[in-house]
Amino acid sequence: MEPQRAGSGFAALIMRGTNAMVALLVPLLLVLAAGCAGGAATPAAPSAKPYAFVNGRWFDGEQFQPDTWYSVQGRLTRQLPPGPVETVDLSGLYMVPPFGEAHNHNVEGPWNVQEVARRYLQDGVFYVKNPNDVRDFALQIRHAVNVPTSLDAIFAHAGLTGRGGHPVALYEDVLRVARYEPVVGPIERGWFENRSYVVVDTEAEVESKWPVIMSGRPDFLKLYLVHSEDDGGSVEVRPGHRRQGLHPALVPGIVARAHAAGLQVTAHVETAADFRHAVRAGVDELAHVPGWLLQGPEDAEHARLTEEDARLAAAQKVRVVTTSVAGQAMPSLGGHHQHGQQAGHGPGPEAKHHSSPADPVSHVLRDNLLLLQRAGVSLLIGSDHAETSLAEVQHLRSLRLFDDRTLLKMWCESTPAAIFPGRRIGRFEEGYEASFVALAGNPLEDFEQVRAIRRRFKQGVPLDGALIQDAAWSAADRKSR
Ligand SMILES: [Zn+2]
C-alpha cells in the first residue's frame, strides 16, 4: 500500500469515526438535557434536581447504618434543602459507593463506548482508569464519558517503552489487525507509534519526544518496565535478552518530568526488579503485582518480592493494582510473551489457567499480594483483561487472601479515590458526590449481593431506566452501525 493513500485513507476513517461519534452523541445529549460536559479533572455540573434518600442503609466504612441523605446540586448533604424535593424510598437497600476499575483498556473508541459504559454502569463500576490507549480514538470519546449519565474514565494514551519493547508488537502486529482494522478499516503498520506507544532509549529522546507525549493531554503517564533485571548493560532492547521495556536508568527522569507537569505515573511491571526500579524512581502506581504473568518456574523466582520491597512501597505510598485475572488471558506456560495475544484484551477461547491457585508457580502472586497488604500498601482493584472489575474482585475472593470487608473497601473506597484523587468520592459524607449503588442485601454477610444492584445514582442523577435499558442507548447503537 502506498503510504500517502494509506495516510489519507486513514484520515477519512478518522473523520468517519468522528461523524459516527456525532450521531452517537446527539441522542445522548438530548437525554442529558442539561448538557453537562466536563473533563476528568473537573467533574461535570450535575443535575440540579434535589432528592431525599430515605429508608436506606449506608456503608460507613465498617458497617451499614440507617440514614437519610439529600442530594443538592449533585452533592450529599444532611440538610433538608428549601423548595420541592423528590423522595426516593430505598426501602431497606444497602448503599455502597460506586466501584472502580483501576486497570483496563476497554474504554477506547467510538465504535463501542456506549456498550462498554453500559456494561460498567450495570456492574456498578463508575470509575475506570485506562493505562494505555490509542490517543486518537480516546480523544474522540472524551465527551461520551465524564458526564453524570456515563462512566468516568481517565486515559494515559501512549505508554513509554524502549525500542522493540512491549507493547510495540502488541499494537502493530496483534491489535492492529485483530482489534482495530475491523472497526476503523486499514491501518498502516507503524501508525501506532506516538499514538499508543512512544519509544525512548536516551535522555535526549525523552527531551525531544516530550511535546508529542503531552500532545494528547494525557490524564497520567504510563511507562513500561519488563524484566529489567536483564538489561545486559545495553541501552537498547537486545535479542536474547528478556528486557522488553524502558532502560531503568531513564525512569527517574521521566517521573520527575511527569510530576513537574502535574501528572502521576503508572508503571507496568512483571518482575521484582521492575517493581524495585519503579518504586525507587518515585512512580505513583504499579499497574500489576509481580507474579501476574509467569511463563515458567524461573519467572516465579524473578517475581518474588521481599519484605524490604513491600516496606519501601508502603513508605512511598505507591499504590499497586491487583490484576490477578490478567494472567489467565495470556498464552499458556512457556509461550512467547505476547501481552494480549487474543483479538481483544480479554481471554480468548484458548486462554488457559496456567496459574491456578493450586499451581505452585502461582503462589508467588498470592504471596506478593499478602506481603503488600500486610505492609500497608494500598491495593487497587483492576482486571486489565476482564469485561469489568467485578471479575477481578470475584477472582481475588476465590484466592481467600482478604476478608470481604477489606475487598469491598478496596473496590468502592480506595480504587475510586485513587483514580480521581481530586474528587470527593468513595464515601458518604457531607459534600461528597451523590453517587451510590443500592444493593438488595448486605454484602458483608453475603458478598454476592454486590451483583444484586437495584438502584444507581451518579452525581445526583438516577441512572436506571434511562441509561441501562432505555431506548436512548439502543437508538444510539442503531445510528452508530
Ligand atoms: Zn494492561
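Residues numbered from 1 in each chain as written. Predicted model: local features only at pLDDT ≥ 70, side-chain atom pairs only at ≥ 80, totals over all residues.

Draft legend 1. Highlighting the overall build of the protein chain. Looking only at helices and strands, the protein chain features 13 helices and 18 strands. Sorting the 481 residues of the protein chain into buried and exposed places 49% on the buried side. Partitioning the intrachain contacts of the protein chain with sequence separation of at least 6 by distance along the chain shows that 72% fall at a separation of at least 24. (Helix = DSSP H or I, 4+ residues; strand = E, 2+ residues; numbered from the N terminus. Buried ≥ 20, exposed ≤ 12 C-beta atoms within 10 Å, placed from the backbone. Contact = placed C-beta atoms within 7 Å.)

Draft legend 2. Seen up close, helix 2 (residues 113-122). All of the buried residues in helix 2 are Val113, Gln114, Val116, Ala117, Tyr120 and Leu121. Viewed along the axis of helix 2, the buried residues span an arc of 160°, placing them on a single side of the element. Immediately beyond the C-terminal end of helix 2, within one or two residues, lies Gly124, with a positive phi of roughly 80°. (Arc of directions from axis to C-beta.)

Draft legend 3. Local environment of the nonpolar core. Of all hydrophobic cores here, the largest spans 121 residues; its most connected members are Ala278, Leu286 and Val320. A total of eight residues in this core trace back to one element, the largest contributor, which is helix 12 (residues 404-419). Viewed by domain, this core spans two of them, domain 1 (51-97 + 429-459) and domain 2 (99-419), each represented by three or more residues. Setting aside anything within four residues of it in sequence, one finds Leu286 in contact with Ala267, Val269, Phe275, Ala278, Val318, Val320 and Val321. (Core = buried A, V, L, I, M, F, W, Y, C linked by C-beta atoms within 7 Å. Domains from an automatic or database assignment.)

Draft legend 4. Region of interest: the pairing of strand 17 (residues 453-458). Examined bridge by bridge, strand 16 (residues 436-439) and strand 17 share four bridges and lie antiparallel to one another. The partner of Leu439 across the bridge, within strand 17, is Ile453. Pairing analysis gives two bridges linking strand 17 to strand 18 (residues 461-462), with the strands arranged antiparallel. Within strand 18, the residue paired with Phe457 across the bridge is Pro462. In textbook terms, the turn of a hairpin is the stretch between consecutive antiparallel strands, and for strand 17 and strand 18 this stretch comprises two residues, one of which, Gln459, has a positive phi near 50°. (Pairing = 2+ DSSP bridges.)

This is a description of form; function is not addressed.
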